[in-house]
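Summary of the model geometry
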Amino acid sequence: FEDGYQWFYEGRSGWWQYDERTSRELEAAYKSGQRTCELLIVGQLYIADFDAMLQLRRNDLSRRRRIKRDLASIPKKGIAGLRLE
Ligand code: V3L
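Okay, so let's go over this structure. (Residues numbered from 1 in each chain as written. Predicted model: local features only at pLDDT ≥ 70, side-chain atom pairs only at ≥ 80, totals over all residues. Heavy atoms only, no water.)

Some details on the sheet that holds strand S2 (residues 14–17)
With respect to topology, 8 strands assemble into an open sheet ordered S3-S4-S5-S6-S1-S2-S7-S8, the strand pairing being mixed. Single-partner strands in this sheet number two, and they are strand S3 (36–41) and strand S8 (82–83). Across the sheet, helix H1 (residues 20–31) touches strand S1 (5–11), S3, strand S4 (44–49) and strand S6 (60–71), and the angle it forms with S3 is around 170°. (Pairing = 2+ DSSP bridges. Helix = DSSP H or I, 4+ residues; strand = E, 2+ residues; numbered from the N terminus. Contact = heavy atoms within 4.5 Å. Axes fitted to C-alpha atoms, helices over the stretch in contact; angles between N-to-C directions.)

Here it is in structure tokens:
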């Protein structure tokens, strides 16, 4: 985003950047003060919880990952499952 920040979700030993569309949805919800945001990610519905800073799968709340808003320049595994080289 203009301020140099991006949205990330946790993988095994590292962070993945969200795809661009989902990032924009997260950013809009976060900036408008919503506490949660519903996300459609490869056919699955997830909830982003900005209080807990978690992503939870809607139909299986045990599938949860940490999320964060951090500088776009941090080390990352890739974007939405696409590895950086
Ligand atoms: N964006 C894209 N794919 C996602 C996302 C998301 N926000 N959330 C879950 N998935 P779960 P390593 C991840 C995928 O949470 O080696 C990564 O993108 C998720 O993909 O149980 O552990 C990698 O592709 C997983 O395949 O609902 O770091 C992959 O894991 C699937 O949905 C391996 O990453 C189930 O996730």
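Having put the structure on the table, let's press on.
Focus on the nonpolar core
If you look at the biggest cluster of nonpolar residues, it comprises 13 residues, and the most contacted ones within it are Tyr18, Leu26, Leu39, Ala48 and Phe50. Looking at this core, the elements with two or more residues in it are S1, H1, S3 and S4. In terms of residue count, S3 provides more of this core than any other element does, 3 residues in total. (Core = buried A, V, L, I, M, F, W, Y, C linked by side-chain atoms within 4.5 Å. Buried < 20%, exposed > 50% of the residue type's maximum accessible area, 1.4 Å probe, protein only.)

Considering the site of the ligand
In the neighbourhood of the ligand, 15 residues make up the surrounding shell, with Tyr9, Tyr46, Arg63, Arg65 and Lys77 lying closest. In this structure, tyrosine 46 approaches the ligand through a side-chain N or O atom, which is 2.6 Å from an oxygen atom. Lysine 77 places a polar side-chain atom, nitrogen or oxygen, 2.6 Å from an oxygen atom of the ligand. Relative to its free-state accessible area of 680 Å², the ligand is covered by the protein chains to the extent of 77%. Those elements that place two or more of their residues in the shell around the ligand are S1, strand S5 (54–57) and S6. Class assignment for the residues of the shell around the ligand results in 6 nonpolar, 3 polar and 6 charged. (Near = heavy atom within 4 Å. Polar contact = N/O pair within 3.5 Å; in protein donor to acceptor, adjacent residues only side chain to side chain. Areas by Shrake-Rupley, 256 points an atom, 1.4 Å probe, with all protein chains shown as cover. Nonpolar A, V, L, I, M, F, W, Y, C, P; charged D, E, K, R; others polar.)

Describing the environment of glutamate 20
Along the chain, glutamate 20 turns up in helix H1. Judged by its relative accessible area of 60%, glutamate 20 falls in the exposed class.

So, the pattern of salt bridges
Going through the model one piece at a time under the given rule, you end up with 9 salt bridges. A salt bridge links glutamate 38 to arginine 58; the shortest N-O distance between them is 2.4 Å. Taken together, the residues glutamate 38 in strand S3 and arginine 58 in the loop between S5 and S6 connect sequence positions 20 residues apart. One network of salt bridges, in which partners are shared, links Asp3, Glu27, Lys31 and Arg69. (Salt bridge = Lys/Arg side-chain N within 4 Å of Asp/Glu carboxyl O.)

Concerning the packing of aromatic side chains
Counted under the stated rule, the structure contains 4 aromatic pairs. When the centroid spacing of 5.0 Å and the interplanar angle of 65° are considered together, the rings of tyrosine 9 and tyrosine 18 count as edge-to-face. The same class applies to tyrosine 9 and to tyrosine 18, which are both buried. A ring pair is formed by tyrosine 30 and phenylalanine 50, whose centres lie 5.5 Å apart and whose planes are at 65°; its orientation type is edge-to-face. Highlighted residues: tyrosine 30 in helix H1 and phenylalanine 50 in the loop between S4 and S5, separated in sequence by 20 residues. On the accessibility criterion, tyrosine 30 (38% relative accessible area) is partly exposed. In textbook terms, an aromatic cluster arises when at least three aromatic residues are bridged by ring pairs, as seen for Trp7, Tyr30 and Phe50. (Phe/Tyr/Trp six-rings, centres within 6.5 Å; stacked < 30°, edge-to-face > 60°.)

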